[in-house]
Amino acid sequence: MNLGRFDCATGLINILYSSGDLIVRNSTTADLLFIDKLQKDNAHAVGFIQRTIWERYVFGGERNFVVFVCEKNNDPVGYILVTPGLSAGRYIKIQQIAVRDDARRLDYGSALLAVVRDFCNTFNRAGATLRCRVDLESNKFWQALGFYN
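Reading guide: rules and limits
- Residues numbered from 1 in each chain as written.
- Predicted model: local features only at pLDDT ≥ 70, side-chain atom pairs only at ≥ 80, totals over all residues.
- Heavy atoms only, no water.
- Salt bridge = Lys/Arg side-chain N within 4 Å of Asp/Glu carboxyl O.
- Buried < 20%, exposed > 50% of the residue type's maximum accessible area, 1.4 Å probe, protein only.
- Phe/Tyr/Trp six-rings, centres within 6.5 Å; stacked < 30°, edge-to-face > 60°.
- Helix = DSSP H or I, 4+ residues; strand = E, 2+ residues; numbered from the N terminus.
- pLDDT = per-residue confidence, 0-100.
- Pairing = 2+ DSSP bridges.
- Axes fitted to C-alpha atoms, helices over the stretch in contact; angles between N-to-C directions.
- Contact = heavy atoms within 4.5 Å.

Peer 1: What's the story with the pattern of salt bridges in this structure? I'm lost.
Peer 2: Close approach of charged atoms allows side chains of opposite charge to pair. As enumerated under the stated definition, the model contains nine salt bridges in all. The salt bridge partner of D31 is R25, with a shortest N-O separation of 2.6 Å. By the burial criterion, D31 is buried, and R25 matches it. In this structure, a network of salt bridges that share partners links the residues R25, D31 and E71.

Here it is as structure tokens:
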């Protein structure tokens, strides 16, 4: 699958969303340290994916996994990892989303989801699905954005 501007394996940065000094872009291997730290800081909520998986499936292009990074004033504040689904008309899966604790409730998660919507429209996907533990505060975020169980 040719991911075009969403591709994380090319090493090129593409701005996928912008609003003032907030941007969402595709990730590159240079983001791996940030992603790894934020994933570890939020392991109780997002689980843990091994570094080799990030390197092979996201940045190596083996599985077309994509990660979008949200930045405010050129400072990364969050990311979202999605798997693109098998074909047109199918759902993509949000595997992980994490926003720094000091940056929550400031529309960064919504900006990341705007790019996911664009991805779904670009590749004719039916929408996005995810799993979220019922005891997490993030359920309120998902419900506010129209997700349901």
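Peer 1: Just to check I follow, could you spell out the packing of aromatic side chains for this structure?
Peer 2: Two measures describe an aromatic ring pair: the distance that separates the ring centres and the angle between the ring planes. A full pass over the atoms with the stated rule returns seven aromatic pairs. Relative to F119, the ring of F6 has its centre 5.0 Å away and its plane inclined at 80 degrees; by these criteria the two rings are edge-to-face. Of this pair, F6 sits in the segment before β1 (15–19) while F119 is found in helix α4 (residues 108–122), placing the two residues 113 residues apart along the sequence. Here F6 matches F119 in class, with each residue buried. Members of the aromatic cluster, each reached through a chain of ring pairs, are F6, F68, F119 and F123.

Peer 1: I tried to follow the confidence of the model for the protein chain on my own but got confused; where do I start?
Peer 2: For residues with low pLDDT, the predicted coordinates do not support detailed interpretation. In this model, the protein chain carries a mean pLDDT of 87, and residues with pLDDT of at least 70 account for 87%. Mean pLDDT across the elements of the protein chain bottoms out in helix α5 (residues 138–144) (66) and peaks in β1 (97).

Peer 1: How do you make sense of the pairing of strand β5 (residues 91–99) when you look at a structure like this?
Peer 2: Of the strand pairs in this sheet, strand β4 (residues 75–83) and β5 are connected by six bridges, and their pairing is antiparallel. Across the sheet, residue I80 finds its bridge partner in β5, namely I97. Where β5 and strand β6 (residues 127–129) come together, three bridges link them in parallel fashion. Its bridge partner lying in β6, K93 is registered against T129.

Peer 1: What's the story with the sheet that holds β6 in this structure? I'm lost.
Peer 2: Sheet strands associate in pairs through backbone hydrogen bonding, adopting either a parallel or an antiparallel arrangement. Taking strand neighbours across the sheet as the criterion, the six strands line up as β1-β2-β3-β4-β5-β6 in an open arrangement whose pairing is mixed. The open sheet terminates on both sides in strands that have one partner only, identified here as β1 and β6. In this sheet, adjacent strand axes meet at a mean angle of 25 degrees when their direction is disregarded. Running over the sheet, helix α3 (residues 51–58) touches β3 (66–72), β4 and β5 and is turned about 70 degrees from β4. The sheet contacts of α4 involve β1, β2 (22–26), β3, β4, β5 and β6, and relative to β5 the element is tilted by about 160 degrees.

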